[in-house]
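# Inside the fold
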Amino acid sequence: MSGRRSRSKQSTVSRITDDQIADLVSKLQQLIPELRRRRFDKVSSSKVLQETCNYIRSLHREVEDLSDRLSQLLASTDSDSDQAAIIRSLLM
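As the structure is a computational prediction, the values presented were derived from the model and not from experiment. Just so you know, the residues in each chain are numbered from 1, in the order the chain's sequence is written. pLDDT decides what is reported in this predicted model: residues at 70 or higher carry local features, side-chain atom pairs at 80 or more are listed and counted, and totals for whole chains, interfaces and linings draw on all residues regardless. Computation of side-chain values: all heavy atoms of the structure, hydrogens and water removed.

### Considerations on the overall build of the chain
Secondary structure summary: the chain contains five helices and zero strands in total. Secondary structure elements follow DSSP: runs of H or I of four or more residues count as helices, runs of E of two or more count as strands, with numbering from the N terminus. When the elements of the chain are put in sequence order from the N terminus, they spell out α-α-α-α-α. Taken across its 92 residues, the chain has 12% of its residues classed as buried. Considering only contacts in the chain between residues 6 or more positions apart, those separated by 24 or more positions represent 6%. Summed over all atoms, the accessible surface of the chain reaches about 8100 Å², with 53% contributed by carbon and sulfur. Type-normalised accessible area, obtained with a 1.4 Å probe on protein chains alone, sets the label of each residue: buried when under 20%, exposed when over 50%, and partly exposed for intermediate values. The contact criterion used is simple: two residues touch if any of their non-hydrogen atoms lie within 4.5 Å. Surface accessibility in these figures is a Shrake-Rupley result with a 1.4 Å probe; residues are shielded only by whichever protein chains are displayed.

Quick look at the structure:
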């Protein structure tokens, strides 16, 4: 019984309103390029969340790809070269 009370208290303290959810979904829609183009079209919350997840996954893939490319570039340059110095300065 005490578990039920504590859950009830917790849900009322950290409860988010429907308006707050709608506002957050709207903000997400503005951040996602695929959805930003459809700014005036009605897009469901589930679609916004799905596209947000897809966008985050694509960003992760892009970071991994760029990291791999950078590693290859660094491996192929002389560590004392001007090109390596430029790369190091950009990373710092």
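Next, the rest of the story.
### Details of the pattern of salt bridges
We define a salt bridge as a contact between a side-chain nitrogen of Lys or Arg and a carboxyl oxygen of Asp or Glu at a distance within 4 Å. For the coordinates displayed, the defined rule picks out four salt bridges. Across the pair D23 and K27 runs a salt bridge, and its minimum N-O distance is 3.3 Å. Of this pair, D23 and K27 both sit in helix α2 (residues 18–31), separated by four residues, roughly a single helical turn. Residue D23 is classed as partly exposed on the basis of its relative accessible area of 38%. Judged by relative accessible area, K27 falls into the partly exposed class, the value being 45%.

### Quick look at the nonpolar core
Remark: nonpolar core denotes a set of buried residues (Ala, Val, Leu, Ile, Met, Phe, Trp, Tyr, Cys) joined through side-chain atoms within 4.5 Å. Membership of the largest hydrophobic core is limited to five residues, which are V25, I32, L35, V43 and V48. Beyond its immediate stretch of four places on either side in the chain, L35 contacts Q29, V43, K47, V48 and E51.

### Looking at the packing of α2 against helix α4 (residues 45–76)
Each packed pair of helices is defined by two parameters, the angle between the axes and the distance between the axes. It is at 10 Å that the axes of α2 and α4 come closest, and there the two elements cross at 45°. Classed by the angle they form, the pair α2 and α4 counts as oblique. α2 and α4 meet at a crossing whose hand is left-handed. The residues of α4 that touch α2, namely those facing V25, L28, Q29 and L31, are S45, V48, L49, T52 and Y55. Residue composition of the contact of α2 with α4, grouped by class: six nonpolar, three polar and no charged. Lines fitted to C-alpha atoms define the axes here, with helix axes fitted over just the stretch in contact, and angles between the N-to-C directions of these axes take values from 0 to 180 degrees. For classification purposes, angles smaller than 35 degrees are called roughly parallel, those larger than 145 roughly antiparallel, those between 65 and 115 roughly perpendicular, and all remaining angles oblique. The sense of a crossing depends on the near helix, which, turned anticlockwise from the far helix by less than a right angle, makes the crossing left-handed and, turned clockwise, makes it right-handed. Residues are sorted three ways: Asp, Glu, Lys and Arg are charged, Ala, Val, Leu, Ile, Met, Phe, Trp, Tyr, Cys and Pro are nonpolar, and all the rest, Gly among them, are polar.

These figures capture arrangement, not role.
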